[in-house]
Amino acid sequence: MLGNSVRLFTVRGIEVGVHYSWLIIFGLFTWILATSAFPEVLGRHAEVESWVLAAITVVLMFVSVLIHELAHSFVALARGLKANSITLFAFGGVSSLSGDAKEASTEFLVAIVGPLTSFALAGIAYGVASIVNETRIDLVFSYLAYINFALGVFNLVPGYPLDGGRVLRSILWGITNNVRKATEWAGNVGKVVAWGMFAFGLFQIFNGQYVNGIWLAAIAWFLHNAASNSVQQIVLETRLRRVRARDVVTRDEVTVAPGTSVAELIDHFMLPSNRGSIAVTDNGRLVGIVSIRDILKVPPAERSQVMVAQVMSGQEGLLTIAADARVQDAVELLAEHDLEQLPVMDGLHYVGMLTRADVMRQLQLREALDV
Ligand SMILES: [Zn+2]
């Protein structure tokens, strides 16, 4: 689930949660419906009724978005992918699926079912509104029909990572047989769509339609970010798919023994090797890392009496990665724990430090050489 979310319940192993931003939208939409749209139909005196009906409508909107996301997740499960969670937030919902779609057809089905579900919900709501002859039910369900129809249409916009963009990507993937190219194209279309929406939002702001304009610009900004992040991620994944930690890491020739004094560490290891942090090994076995931050804990006058073992970090156990592990896993670990470097281990033997810079250099190299 996204950060800053509250978990609501779990369906078939899928955690469903709400992001705080959704509460703002809940308040805003309820307020808009209750103060302008609904009183026009129900009359100015039906104030309480308007508020209650507006809140019910917005809750049903939320249920509609949830059903849309569940449709994605259920199809993903049926096609052998994993569905982890669904988070509802200001701009709709996000399903977190894992396991790569192996075939373009899986991607296509998982994506297309969302908008189709929204259209089906719009149809049902429209049916209820036309069959039931009651002003209030008619009002609520007409809105729901409209909202679900709009949701379906919006999601069909062919900008990755919207559903329409995923459909486009799966089609391009099917034709070219190249996931990376397909994602880049679909992502670029996503960016163009985002810029178009942003321009239209600005146009609306200049024409005095502030709320609509700001809303559209915000969605455009969100879409643009999502499109570029998805492309970056897929480039990283495909370029580095077969790369292992051992291929990227620089073998570390300089390590220090735990019994070395801090003064010696500085004069004989750190300054000559021009490095701010050094691995501490005991017969090839990694026991810690010592960096400038650790050294600064010792007053300069005491540096010759204090041993590296006394100041090094990682004595409680270091986070490491196996030399055979995929670089992608290393990148995920670095990001997850907000680390600058990760010791690479070959069994019990220390190989070297893997840094983000190592990974980026490898990525740039592979981009440049097109491998
Ligand atoms: Zn969707």
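Right above here is the structure, for reference.
Residues numbered from 1 in each chain as written. Predicted model: local features only at pLDDT ≥ 70, side-chain atom pairs only at ≥ 80, totals over all residues. Heavy atoms only, no water.

**Q** Mind laying out the overall build of the protein, listing which residues take part and the relevant values?
**A** Along its length, the protein carries 13 helices and 10 strands. Rg of the C-alpha trace for the protein: 28 Å, well past the compact-globule value of 21 Å for 371 residues, more than 25% over. Overall, the C-alpha framework of the protein stretches about 90 × 50 × 45 Å when taken along its three principal axes. Across the protein, the fraction of contacts at a sequence separation of at least 24, relative to all contacts at a separation of at least 6, is 59%. (Helix = DSSP H or I, 4+ residues; strand = E, 2+ residues; numbered from the N terminus. Rg over C-alpha atoms; globule rule 2.2 N^0.38 Å. Contact = heavy atoms within 4.5 Å.)

**Q** Go over the pairing of strand β7 (residues 285-291), please, and point to the residues and values.
**A** Counting buried positions along β7 gives six out of seven residues, so the element sits mostly inside the fold. Both strand β6 (residues 277-282) and β7 contribute to a ladder of six bridges, which runs antiparallel. In the strand pairing of β7, I278 is matched with V290. Hairpin connection from β6 to β7: two residues lie between these consecutive antiparallel strands, with N283 at a positive phi of about 55°. (Buried < 20%, exposed > 50% of the residue type's maximum accessible area, 1.4 Å probe, protein only. Pairing = 2+ DSSP bridges.)

**Q** Could you give me a rundown of the nonpolar core, with the residues and numbers involved?
**A** Of all hydrophobic cores here, the largest spans 18 residues; its most connected members are L240, V248, I321, V327, V344, L354 and V359. For this core, the secondary structure elements donating two or more residues are α8 (245-248), α12 (327-336), β9 (341-346), β10 (349-355) and α13 (356-369). Per-element tally for this core: the top contributor is α12, with three residues. Contacts of L240, omitting those with residues within four sequence positions, involve V235, V327, Q328, V359, Q362, L363 and R366. Within the second largest apolar cluster, 15 residues are counted, among which are L265, M270, V290 and V311. (Core = buried A, V, L, I, M, F, W, Y, C linked by side-chain atoms within 4.5 Å.)

**Q** Account for unusual backbone geometry, naming residues and giving values.
**A** The backbone of R12 shows a phi angle near 45°, a positive value even though the residue is not glycine. Mapped onto the secondary structure, R12 falls in the loop between β1 (5-11) and β2 (14-19). Among the residues examined, R12 registers a relative accessible area of 57% and is labelled exposed. If you check the backbone angles, N274 has positive phi at about 60° while not being a glycine. By the secondary structure assignment, N274 is in the loop between α9 (262-273) and β6.

**Q** How would you sum up the packing of aromatic side chains? Please name residues and give values.
**A** Throughout the structure, instances matching the rule amount to seven aromatic pairs. Judged by centre distance (5.4 Å) and plane angle (40°), the ring pair of W22 and F26 falls under tilted. Linking W22 with F26, this pair stays in helix α1 (residues 20-42), spanning four residues, or about one helical turn. Classification of W22 by relative accessible area gives buried; the value is 13%. The class for F26 is partly exposed, based on a relative accessible area of 25%. Both rings, one in F200 and one in F203, keep their centres 6.0 Å apart while their planes meet at 20°; by these two values the pair is stacked. Here the residue F200 and the residue F203 both occupy positions in helix α6 (residues 179-206), the gap between them amounting to three residues, near one helical turn. An aromatic cluster is built from W22, F26 and F62, whose rings are joined through pairwise contacts. Its guanidinium or amino end placed over the ring of F74, R12 lies 4.5 Å from that ring's centre, counting from NZ or CZ. (Phe/Tyr/Trp six-rings, centres within 6.5 Å; stacked < 30°, edge-to-face > 60°. Lys NZ or Arg CZ within 6 Å of the ring centre and 35° of its normal.)

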